[in-house]
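Results of the structural survey
Here is what each chain is made of, one letter per residue.
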Amino acid sequence: MTLTMHHIAIIGGGITGLSAAFYLQKAIKEHALPITYTLIEPSSTLGGKIQTLHHEGFVIERGPDCFLKRKKDAVELIKEVGLESELVSNRTGQAYILKKNSLYPIPEDAVMGVPTRIAPFAKSGLFSPVGKVRAAFDLIQPKSKHEGDQSVGRFFRRRLGNEVVDYLIEPLLSGIYASDIDSLSLKATFPNFLQMEQKYGSLVLGMRNLRSPGVADKGQFYTLKRGLSSLVEAVQNELPREALLLNTTVQHLHKTEEGYHLEFENGQSIKADTVLMALPYKASKEILGEEAALHDHRMMAYTTVANVALGFSKDQLSIEQEGTGFVVSRKDEYFLTACTWTDKKWPHTTPEGKVLLRCYVGRPGERDVTAFSDEELTSLVMKDLKRVMKIKGNPAFSVVSRWKEAMPQYKVGHKEWVSEVKKTMERNYPNVYLTGSSYDGAGIGDCIRQGKETIQRVIENSFYNIKV
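Residues numbered from 1 in each chain as written. Predicted model: local features only at pLDDT ≥ 70, side-chain atom pairs only at ≥ 80, totals over all residues. Heavy atoms only, no water.

Side note on the sheet that holds strand β2 (residues 35–40)
Remark on secondary structure: sheet strands pair via backbone hydrogen bonds, oriented parallel or antiparallel. With respect to topology, five strands assemble into an open sheet ordered β10-β2-β1-β14-β22, the strand pairing being parallel. In this open sheet, the two edge strands, each paired with only one partner strand, are β10 (244–245) and β22 (432–434). Across two bridges, β2 lies against β10 in parallel orientation. Across the sheet, residue leucine 39 finds its bridge partner in β10, namely leucine 244. Against the sheet, helix α15 (residues 444–461) contacts β1 (6–11), β14 (274–277) and β22, and its axis sits at roughly 165° relative to β22. (Pairing = 2+ DSSP bridges. Helix = DSSP H or I, 4+ residues; strand = E, 2+ residues; numbered from the N terminus. Contact = heavy atoms within 4.5 Å. Axes fitted to C-alpha atoms, helices over the stretch in contact; angles between N-to-C directions.)

Comments concerning the pattern of salt bridges
Summed over the entire model, instances satisfying the criterion amount to 21 salt bridges. In this structure, arginine 226 and glutamate 86 form a salt bridge, with 3.1 Å as the shortest nitrogen-oxygen distance. You can see arginine 226 sitting in the loop between β9 (221–224) and α10 (229–237) and its partner glutamate 86 sitting in the loop between α2 (72–80) and β6 (87–89), a full 140 residues away along the chain. Judged by relative accessible area, glutamate 86 falls into the buried class, the value being 16%. As a salt-bridge pair, arginine 159 and aspartate 138 come within 2.7 Å of each other at their nearest N and O atoms. Here the residue arginine 159 occupies a position in helix α5 (residues 152–160), and aspartate 138 occupies one in the loop between α4 (129–136) and α5, the gap between them amounting to 21 residues. On the basis of relative accessible area, arginine 159 is assigned to the buried category, the value being 0%. (Salt bridge = Lys/Arg side-chain N within 4 Å of Asp/Glu carboxyl O. Buried < 20%, exposed > 50% of the residue type's maximum accessible area, 1.4 Å probe, protein only.)

Topic: helix α11 (residues 281–288)
Turning to α11, its buried residues number three or more, namely Tyr281, Ser284, Lys285, Ile287 and Leu288. Across the axial projection of α11, the buried residues extend over an arc of 160°, all falling on one side. Where α11 is buried, its residues touch β1, β11 (250–255), β14, β15 (300–313), α14 (414–428) and β22. Taken from the residues just after α11, glycine 289 is the one with a positive phi, measuring 80°. (Arc of directions from axis to C-beta.)

Things to note about the pairing of β11
Of the pairings in the sheet, the one linking β11 to strand β12 (residues 260–264) comprises five bridges and is antiparallel in character. Paired with histidine 252 across the bridge in β12 is glutamate 263.

Observations concerning the pairing of strand β3 (residues 52–55)
Inspection of the sheet shows β3 paired to strand β4 (residues 58–61) by four bridges, in the antiparallel sense. Note that in β4 the partner of histidine 54 across the bridge is valine 59. Between β3 and β4, which pair antiparallel and follow one another directly, the connecting turn spans two residues, one of which, glutamate 56, has a positive phi of 50°.

Concerning the packing of helix α1 (residues 15–31) against α15
With their axes 7 Å apart at the nearest point, α1 and α15 run at an angle of 45° to one another. Here α15 runs oblique to α1, going by the angle between their axes. Judged by the twist between their axes, the crossing of α1 over α15 is right-handed. Where α1 approaches α15, its residues Ile15, Thr16, Ser19, Ala20, Tyr23, Leu24 and Ala27 are matched on the opposing element by Cys447, Ile448, Gly451, Lys452, Ile455 and Ile459. When its residues are assigned to classes, the contact of α1 with α15 shows nine nonpolar, three polar and one charged. (Parallel < 35°, antiparallel > 145°, perpendicular 65-115°, else oblique. Left-handed = near helix turned anticlockwise from the far one by under 90°. Nonpolar A, V, L, I, M, F, W, Y, C, P; charged D, E, K, R; others polar.)

Side note on the side chain of glutamine 25
Looking at the element boundaries, glutamine 25 is found in helix α1. Of the residues examined, glutamine 25 reaches a relative accessible area of 18% and is grouped as buried. Once you skip the residues sitting within four places of it in the chain, glutamine 25 turns out to touch Tyr37, Glu238, Leu239 and Pro240.

Some details on the packing of aromatic side chains
Summed over the entire model, instances satisfying the criterion amount to 15 aromatic pairs. Ring geometry for phenylalanine 67 versus tyrosine 222: centroids 6.1 Å apart, planes at 55°, classification tilted. With phenylalanine 67 in strand β5 (residues 67–68) and tyrosine 222 in strand β9, the pair connects residues that are 155 residues apart, well separated along the chain. Assessed through its relative accessible area of 22%, tyrosine 222 is described here as partly exposed. With 5.9 Å between their ring centres and 50° between their planes, phenylalanine 190 and phenylalanine 193 make a pair best called tilted. A residue is classified by how much of its surface remains accessible, and phenylalanine 190, at 8% relative accessible area, is buried. Under the relative-accessibility criterion, phenylalanine 193 is labelled buried at 1%. Of the aromatic side chains, those joined through ring pairs into one cluster are Phe155, Phe156, Tyr177, Phe190, Phe193 and Tyr410. (Phe/Tyr/Trp six-rings, centres within 6.5 Å; stacked < 30°, edge-to-face > 60°.)

Rendered as structure tokens:
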């Protein structure tokens, strides 16, 4: 008897699409499934924003530089491709807030900006006496009665006051999503804080109960010795070459009686029974066209960001503070949003006697940072750096990385919006799946999880009762 082969098209070769292809390939091999697939990527390389540059002994990440240890799906994938010995934990150290040309230590034992002990917070020079008193109201504020979603900013301003939010919470949390926390969905990003408030009646008390007393602070992040691109390469090596279609852009997807027809920009096309779209929502909507009747795209905005890596000799820099870097409040007039002292946080990235700084720029609602030339971006971040540290001469090199509309913004109501979009897809485009950073987490671990979970659903819907 001849088996009918089921063909799956995976559009997008970022870490979500790559992970989906990896777990699909594994299931096909282990269970002899009658499934073929094609991974379609418009660029010449896979990995999306994961890009590592090796330069004169430096390991420079152009996109994300790490992932949270608690995101187990990333660790599991790394183990699956044989890179467990390459895992490196970040070196911990004091982090700072840049405020009015001074670096203030983030209060000791604060977690995501929320204090767990009163004394370090009370002694901090970062806040005024009025701001400190207002933050203490968290201990007596009643639980929120707000139903449904709310912004991260609204929630924390109610609990801790504007000053603590503007000069501690906002620079820390908005850096994760490159977003405006006063429009960022609490339910989609930090639901644990609301749960904590409901359980303990106070964020301070909740955080204190969650921390283990007497346990030394350990690094919360992992990266890979040779850079995160080594993960992309290892996953790609597990996939058959004939399944990869690079330098190919999907222009349109047509629903047919047999399944789906994918038209490419170059005039070619393929057929698929199932389609997994591991793309930003905006790109998926363009491929599907207006007939898809997807919900309001204004719910999904994107922030454009850039970063500048600067290499120095140690004798060129004088930094009074010891630590791993700083973040900047948007209340201060800086072009920079953050700076990581990469040689301190990730010592393996930097040769002996050298310094590596990674400077971040770009906020929602501000001028598009990709409009600046490399020289302009380098000059602007150097100008800001010289306001807080002594620098002799010019850097030995600078590497500028731009990411146009790269950071998805999860606005208030995001989870409900995602639910409605996926219901519409199920109704109008059965067996077409939307997945990736636009929907349920933008970090590396989140994207790997989504790729794996989506392939699990695809296989189950093809009547195969197996686990990937």
